[in-house]
Amino acid sequence: MRKRSFLCVALTTVFLFCLTACSGSVQNVDTAKVSESAQPETAKDSGSDEYIVLKLYTHYDSGDTNKRVEYCTEKVQEKYPNVSFEIDPYQQDGGQSIKARAATGDLPDILFLNDGSILPLAKSGSILTLDDYIEKNDYTSGLSQSAIDNCLYSSDGHIYQFPVNGVQPYLWYYNKDLFDQYNVKVPENFDELLTAIQTFRDNDIIPMALFAKEPWVSGTFFDAFAMKEAPGGLKALSEGTAKASDEGYKKAIHKMKQAIDAGIFQQGVTNADFDTAFALFSSGKAAMFQNGGWCITDINKQMDDNVDYFDSYPTNDADYTDNNGCFAGGGNAEGYGVAANTADPELAMDVAALFAKAQAEYDYVKNGLVNAPFNTENLIPEVELPDMSKKMGKQLSEMKFTSKNVEMISNREFGTAFPEELQKFIVGESEEDFIKAVDALVEKAGGQ
Amino acid sequence: MKKLFIFRRKKNYFTIVLLILFSVISIYPLLYLLFYSLKTNDEIFYTNPFGIPLAPQFDNYRRAVQLFDIVGFFKNSMVITLFSVMAILILALPFSYAISRMHWKLKNTVSFYLSLGLFIPIQVIIVPLSILVKNMHISNTYLALIIPYIAFNLAFACMVLSSSFSSLPQELEESAFIDGSGVFRTFLEIMIPLVKPAISTAIIFATMSIWNEYTLASILATDQKLKTLPVGLTSFVGEHSTDWGAMGACLVIASIPTVILYLCCSEQVEKALTVSGAVKG
Amino acid sequence: MNKMLGNKKAIAAFTLPVLFVFSLIVFFPIIQTIQKSFYDWDGLTKPIFSGFKNYAELLRDPLFYQASKNGVLFAIVLVIFQIGISTLLALALMNPAIPFRRFFRNAYFIPAVLSVTVACQLFSSIYNPEFGMINKLFETFGLDWQQDWLSDTRCSLLAVAFVSVWHGMGYQFSIIFAGLKSVPDQYQEAAMIDGANRFQINTKVLIPLIKDTYRICLIMAITGGINAYSYMQILTKGGPGTSSHTLTYMTFRSAFTIGEYGYGCAVAAMLILQCLTATFLINKFMRSESITY
């Protein structure tokens, strides 16, 4: 007994010692690095000499985002050298912690908002409206028109955030090598898509890897079919201006059913998260993959130039190409907003604006993400733009975005229940039941 | 002689196989965790999810420790857990004794009242609770987590302790009172030592529950310097994908204290059980 | 002795601190939640009184019935498998002829030490329909039947429940084992002398003597099943569709995802009601006179 407890205590001590020794030399990397650049070089026009620490809620993890945050911090400190940030990493918890903190008035000064979470916060006055600031500082002159139209205003007509992303489509990527290997024609309509699915299945390749665990993914899949017949897509359903039993939607749903029955997805699709699905695609086990345009750089890193995306979703009838310019996705009012409980609103707004701009710059210059909301003529990307990026860049202005990401729709009841119905449909529910369920949902919640 | 009679049982091979099977089912996951903290994302999901890592990525550990203030998270978790568990014991022991051994009318009602704490899921009361914490002016301090943790874990600790107290014979108190000791002394010097196994159980369970707790910690302790380990872990969930290997490394680091504590405490339980058996016999 | 044990001052001193902390932190917010269930509220703006509207809607909502049913199912699985298997293991380990008992005891508790995230991560891989352990095992035995465990509306809940069974088994096992160990030997000896065999000793002597222990285990298992949340949150996100929703998940969904906080509070109130009923019934049927040794 004595020997044992001695062992326990010894183990614990050794362990703690190692841990301290390990990280002691590195110190708190994030706060150290950020605060060492807060030494003022010259007093700029910030109006005060004390150090100001702002709480910043943003993506910050062991990937690329911490470098991005450093870059943006430096840019902010060019104008405000006495400002530094205390970083609060973004949490994927359905907005629970932000909502709870809003209820207690303890929001971070500057926070990353996405479209779905803005309205309740705005309604309760927890975040500030930025309309005046935007007008006073002529912020919109630097934005592209599509960003102004799609990424700036929330559905109540006000501005609550400085955008970091411009409009971008959700694309269906495909593995060129696999298509070549099995002699599959790159499909341009639904019949050809069905043939492709069949061929891949015959050869034990998963036609499309999808991570339907996340609600927006199945919503996008739905839109890819629906928009060919009814451009309003799921957005129109959420607004109550259309029903699933309408002619166009019925047709699209029928096609979806055919694709699902033909085995388009991997098994366990509603349980697959991004990493799983992407691993299937990048390792050549799946021929197609659906994701946003932001993914181009990552795909390129893993698969070089072997990937391209369909110029339009191959979900239309062969002789009907009217709506081929319609793409799922588009613009979302997401970016950095300012909390109402911040000490110095003017300063916080200016800092948020600078930060947002810097982040968009970083994404464009370092990662080649061509969908920046700002005019990018003066910026030169440091990476070689993949072919797909160049293609998307050119195509962006012709794309029509008439629906929306289902998680960003302001009608939260529809936005939550519709992907749930879709999941059921994907795992085998019948067309009639699905249409009935969606109609009932539109009846109950449409137009809110 | 008597003892030999009851304890001379044959080895039942089927039982042994069953026991081994279950211990494999129980231990393999720890191995799985260790392995996955040394694999790349691809290996974890796809190429080699169950086997030994092909090329151990010690880099995962380096990233885990360097990128975030793991030591700080660790320290916070330790402080909070330690103080909470101590406070739970100090509060729960007298309460359980009163519930199980003392005579008063509202005993059963109060005990039932407390059992509310057993099954309230935190999501249900998180918003009123955070407003309460703010009104008590303890937001963003250690107390903001310690006090709720105490409250939530009291119910279970009390249940285990009172059950243990109930099973002690009445004669103990009778003889103590006859010898002239008062209620407090009886309680402190006689009753408490007799429920050591239950105390160990309560310590272990409360520690596990508090150490691994995520929801409350993520909402009530938002200052970087107060974050606990489970909250720190989510830092590895990135914007688009997750660094599972580093998260695994972090989970290993987080699990080690609980394993050590369990191994130490279970020793106590074993010893105390045999001792008290002799006393009662 | 009654005077000593009825000492009002002592009783107050012993119980008031706990009651105070508990009422403030747990009970008070629960009351607030129940109160808010009578309002139309999005969690942030001003609440509007709406009487029983939330409850009326709740009783009409098919999701409520599905979530309740799932909770009960989950609880049943936990009771049968967690308590059942723990009992078998604990009884088996009582036999001193078995080698390495200390090792087995510690081993069975290990799953409980791991956090929910790890358990779910592991089982996510095990359940994977294409590369998962279970389906691979079926293959090696020549069975053609492959099941999509987590993506099938019929069995997703059960699959999640078994993860919880595995994870929590350590707790139940250690409680039951500690209970069995604290039964003095003379009872077993007496039974043996009377000619009982092992099975009879186990079922007629040992198990009834630790009734109180089982009471605790039952309460833990049943209420744990009804308000399960984190397992399905990580494994299936309540899916596919809503087939693995429980009441807690529904509360979260209403309150935070959809923004109907008042409705969420009504769900929470029903959840509390179900758990209270279960606890009450268990206590009623199992709390006989205290068993002392």
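Residues numbered from 1 in each chain as written. Chains lettered and ligands numbered in written order. Predicted model: local features only at pLDDT ≥ 70, side-chain atom pairs only at ≥ 80, totals over all residues.

Which entries qualify depends on this criterion: UniProt positions are given in the numbering used here, feature names are shortened, and annotations may be inferred rather than shown by experiment.
For chain C, the name recorded in an unreviewed UniProt entry is Sugar ABC transporter permease, with Diplocloster agilis as its organism. The Sequence similarities (unreviewed entry) field of the UniProt record for chain C holds the comment "Belongs to the binding-protein-dependent transport system permease family." Quoted verbatim from the Subcellular location (unreviewed entry) field of UniProt, the annotation for chain C is "Cell membrane".

1. Considerations on the overall build of chain C
Formally: Elements are defined by DSSP. Helices are runs of H or I of four residues or more, strands are runs of E of two residues or more, and each kind is numbered from the N terminus. Backbone-placed C-beta atoms define the burial measure: a residue is buried with 20 or more other C-beta atoms within 10 Å of its own, exposed with 12 or fewer, and partly exposed in between. Here, residue contact means that the backbone-derived C-beta atoms of the two residues sit within 7 Å.
A tally of regular secondary structure across chain C gives 14 helices and two strands. For chain C, the spread of C-alpha atoms along the principal axes amounts to about 70 × 70 × 30 Å. Per-residue burial for chain C yields a buried fraction of 50% across its 293 residues. Sequence-distant contacts in chain C: of pairs separated by 6 or more residues, those separated by 24 or more amount to 70%.

2. Quick word on the overall build of chain B
Assigned secondary structure in chain B consists of 15 helices and zero strands. Taken across its 281 residues, chain B has 53% of its residues classed as buried. Pairs at least 24 apart in sequence give 77% of the contacts found in chain B among residues at least 6 apart.

3. Here we look at the UniProt feature "transmembrane region" (unreviewed entry) in chain C
Residue and element names in this part refer to chain C. Within the UniProt annotation, "transmembrane region" (unreviewed entry) is assigned to residues 12-31, 72-94, 106-127, 157-180, 213-232 and 261-282. Between the C-alpha atoms that bound residues 72-94 the distance is 32 Å, and the span itself is 96% helix and 0% strand. Secondary structure across residues 106-127 comprises 91% helix and 0% strand; the distance between its end C-alpha atoms is 26 Å.

4. A short note on the interface of chain A and chain C
To keep things clear, this is the line we draw: Gly counts as polar in this scheme, as do all residues outside two lists: the nonpolar Ala, Val, Leu, Ile, Met, Phe, Trp, Tyr, Cys and Pro, and the charged Asp, Glu, Lys and Arg.
Across the contact, 26 residues belong to chain A and 23 residues belong to chain C. Only helix 4 (96-103), helix 5 (115-123) and helix 17 (412-426) of chain A provide two or more residues apiece to the side of chain A that touches chain C. With seven residues, helix 17 of chain A is the single largest residue contributor to the side of chain A that touches chain C. Classifying every residue of the side of chain A that touches chain C gives six nonpolar, twelve polar and eight charged.

5. Side note on the packing of helix 5 (residues 70-101) of chain B against helix 9 (residues 142-166) of chain B
Residues and elements named next belong to chain B. What counts here: To get an axis, fit a line to the C-alpha atoms, keeping to the stretch in contact for a helix; angles then go from 0 to 180 degrees between the N-to-C directions. Crossing handedness is read from the near helix: turned anticlockwise from the far helix by less than a right angle, it gives a left-handed crossing, and turned clockwise, a right-handed one.
Two elements in contact, helix 5 and helix 9, have axes whose closest approach is 7 Å; the angle formed by their N-to-C orientations is 40 degrees. Our pair here, helix 5 against helix 9, has a crossing hand that is right-handed. Residue composition of the contact of helix 5 with helix 9, grouped by class: 21 nonpolar, six polar and one charged.

6. Re the sheet that holds strand 4 (residues 162-163) of chain A
All names here are of chain A. So the rule is basically this: Two strands make a pair as long as DSSP finds a minimum of two bridges between them.
Taken in spatial order, the five strands line up as 2-1-3-10-4 in an open sheet, and their pairing is mixed. Across the chains shown, the open sheet's two edge strands, defined by having one partner strand only, are strand 2 (83-89) and strand 4. One ladder, built from two bridges, connects strand 4 with strand 10 (residues 335-338); its direction is antiparallel. The residue bridging P163 from the neighbouring strand is G335, located in strand 10.

7. Considering the nonpolar core
For clarity, the cut-off: For this analysis, nonpolar core means a set of buried Ala, Val, Leu, Ile, Met, Phe, Trp, Tyr and Cys residues linked through C-beta atoms within 7 Å.
Ranked by internal contacts, the top residues of the largest apolar core, which has 299 residues, are L210 and A352 of chain A together with A92 and L154 of chain B. In contact with A92 of chain B, other than residues within four places in its own chain, are L154, A157, C158, L161 and A202 of chain B together with V18 of chain C.

8. So, unusual backbone geometry
All names here are of chain A. Positive phi, close to 55 degrees, is recorded for N183, a residue that is not glycine. On the secondary structure map, N183 appears in the loop between helix 8 (176-181) and helix 9 (190-202). Accessibility expressed as a C-beta count within 10 Å gives 7 for N183, which makes it exposed. Phi is positive for D204, close to 65 degrees, though the residue is something other than glycine. Position of D204 relative to the elements: it lies in the loop between helix 9 and strand 6 (206-209). Residue D204 is classed as exposed on the basis of its 7 C-beta neighbours within 10 Å.

9. Here's the deal with the confidence of the model for chain C
Applicable threshold: On a range of 0 to 100, pLDDT expresses the predictor's confidence in each residue.
Here chain C shows a mean pLDDT of 83. Residues at 70 or above account for 94%. Confidence, read as mean pLDDT per element, is least for helix 1 (residues 2-5) of chain C in chain C (68) and greatest for helix 3 (residues 53-60) of chain C (91).

10. Considering the pairing of strand 7 (residues 286-292) of chain A
Residues and elements named next belong to chain A. Counting buried positions along strand 7 yields six of seven residues, so the element is predominantly enclosed. Bridge count for strand 5 (residues 168-175) against strand 7 is five bridges, and the pairing is antiparallel. When the sheet's bridge partners are listed, Y174 is paired in strand 7 with M288.

11. Overview of the domain arrangement of chain B
All names here are of chain B. Rule in force here: Domain start and stop points were drawn from an automatic or database domain assignment.
Each assigned domain of chain B is listed here: domain 1 (12-57) and domain 2 (68-280). With nine residues of domain 1 at the interface, the matching set in domain 2 holds six residues. Of all the secondary structure elements, the ones that give two or more residues to the side of domain 1 that touches domain 2 are helix 2 (13-36) and helix 3 (41-47). Examining the composition of the side of domain 1 that touches domain 2, we find that three residues originate from one element, helix 2, more than from any other. Its residues assigned to classes, the side of domain 1 that touches domain 2 shows four nonpolar, four polar and one charged.

12. Points about the confidence of the model for chain B
Across chain B, the average pLDDT comes to 77, with 83% of residues at or above 70. Overall, residues 272-281 of chain B carries pLDDT values under 50, and its contacts beyond four positions in sequence, including any with other chains, amount to eleven contacts.

13. Some points on the environment of F274 of chain A
All names here are of chain A. Mapped onto the secondary structure, F274 falls in helix 13 (residues 274-282). The exposure class of F274 is partly exposed, given the 17 C-beta atoms found within 10 Å. Along the sequence, F274 and I264 sit ten residues apart, while their C-alpha atoms lie 17 Å from each other.

14. Some points on the environment of Q32 of chain C
The residue Q32 of chain C is located in helix 2 (residues 8-36) in this model. Classification of Q32 of chain C by C-beta neighbours within 10 Å gives partly exposed; the count is 17.

15. A closer look at the packing of helix 6 (residues 116-127) of chain C against helix 8 (residues 156-181) of chain C
Residues and elements named next belong to chain C. Counted only if it meets this: For classification purposes, angles smaller than 35 degrees are called roughly parallel, those larger than 145 roughly antiparallel, those between 65 and 115 roughly perpendicular, and all remaining angles oblique.
With their axes 11 Å apart at the nearest point, helix 6 and helix 8 run at an angle of 130 degrees to one another. As the angle between them shows, helix 6 and helix 8 are arranged oblique. Considering how the two elements wind past one another, helix 6 and helix 8 form a crossing that is right-handed. Of the residues in helix 8, those touching helix 6 at A119, C120, F123 and Y127 are A159, V163 and H167. Counted by class, the contact of helix 6 with helix 8 contains six nonpolar, one polar and no charged residues.

16. Focus on helix 16 (residues 387-395) of chain A
Residues and elements named next belong to chain A. Stated precisely, the cut-off is as follows: As used here, the arc is the angular range of directions from the helix axis to the C-beta atoms.
Among the residues of helix 16, M388, S389 and M392 are the ones counted as buried. Down the axis, helix 16 shows its buried residues gathered within 100 degrees of arc, on one side only. Structurally, helix 16 contributes buried residues whose contacts are with helix 14 (296-303) and strand 8 (307-309).

17. A closer look at the environment of L229 of chain B
Residues and elements named next belong to chain B. Position of L229 relative to the elements: it lies in helix 14 (residues 229-233). Of the residues examined, L229 has 28 C-beta atoms within 10 Å and is grouped as buried. Between the alpha carbons of L229 and C250 there is a distance of 8.5 Å; along the sequence they are 21 residues apart.

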